[in-house]
Amino acid sequence: ASGVSGKSPILPSIQRVNGSLAFFEKRYGKYPQSLEQLDFPPERDPVDSRHAGLIQFPLPMQDFFDFNYVRRGGGYDLRVDGKPGQGWDLYHYCSDESGTIQFDTSRRGCTHGTVVYQEPLR
């Protein structure tokens, strides 16, 4: 599993979530309480911090991966774990406000796992 971790089809979705979270924080001054706040508003409702209109859910690959997000202080913790029974259950990705994405075959080891994506220096 670790041999393909840097080329996984889930990486663009994680990068998109990280980018949307960064945009949300810049616009509203803090990270959202939940990922659902990044979604588009119901018809005729305004775009605001409740529905920022940044990502349409469900995300690509969400049938195969669970996205778990927790706001922590001035940042966040994003865990993306392969769902059991579909061959993805050894794939565990984690990220935070740095934009770095790490991978491990164990959910526990993810935060110390292999870096598979790092935000370019600005």
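A brief structural summary. This one's a predicted model, so the numbers in the text were calculated from it and none came from an experiment.

Procedures and definitions
Residues numbered from 1 in each chain as written. Predicted model: local features only at pLDDT ≥ 70, side-chain atom pairs only at ≥ 80, totals over all residues. Heavy atoms only, no water. Helix = DSSP H or I, 4+ residues; strand = E, 2+ residues; numbered from the N terminus. Rg over C-alpha atoms; globule rule 2.2 N^0.38 Å. Buried < 20%, exposed > 50% of the residue type's maximum accessible area, 1.4 Å probe, protein only. Contact = heavy atoms within 4.5 Å. Areas by Shrake-Rupley, 256 points an atom, 1.4 Å probe, with all protein chains shown as cover. Lys, Arg positive; Asp, Glu negative; His and termini not counted. Charge placed at Lys NZ, Arg CZ, Asp CG, Glu CD. Polar contact = N/O pair within 3.5 Å; in protein donor to acceptor, adjacent residues only side chain to side chain. Salt bridge = Lys/Arg side-chain N within 4 Å of Asp/Glu carboxyl O.

As a further point, take the overall build of the chain. Helix and strand content of the chain: one helix and five strands. Along its sequence from the N terminus, the chain presents helices and strands in the succession α-β-β-β-β-β. Over its C-alpha atoms the chain spans a radius of gyration of 15 Å, differing by no more than 12% from the 14 Å that the globule rule assigns to 122 residues. Taking the principal axes of the C-alpha coordinates as reference, the chain spans close to 45 × 35 × 25 Å. Put simply, the chain has 122 residues, and 41% of those count as buried. Counting contacts in the chain only where the partners sit at least 6 residues apart, residues at least 24 apart contribute 36% of the total. Of the accessible surface of the chain, which amounts to about 7400 Å², a share of 49% is contributed by carbon and sulfur atoms. Distance between charge centres in the chain, computed from 14 positive and 15 negative side chains, equals 4 Å.

Here R79 shows up in strand β2 (residues 75–82). In this structure the side chain of R79 is engaged in a polar contact, spanning 3.2 Å, whose partner is the backbone oxygen of R107. Not counting chain neighbours up to four residues away, the residues in contact with R79 comprise D66, F67, N68, Y93, C94, R107, C110 and T111.

Bringing the pattern of salt bridges into the picture now. Applying the stated criterion to the full structure yields five salt bridges. Between D77 and R79 there is a salt bridge; the shortest N-O distance is 3.5 Å. Exposure class is identical for D77 and R79. Each is buried. Note that D81 is salt-bridged to R107, the shortest N-O span being 3.0 Å. One end of the pair, D81, is in strand β2; the other, R107, is in the loop between β4 (101–104) and β5 (114–117), and 26 residues separate them in sequence. Taken together, the shared-partner salt bridges in this structure form one network comprising R72, D77 and R79.

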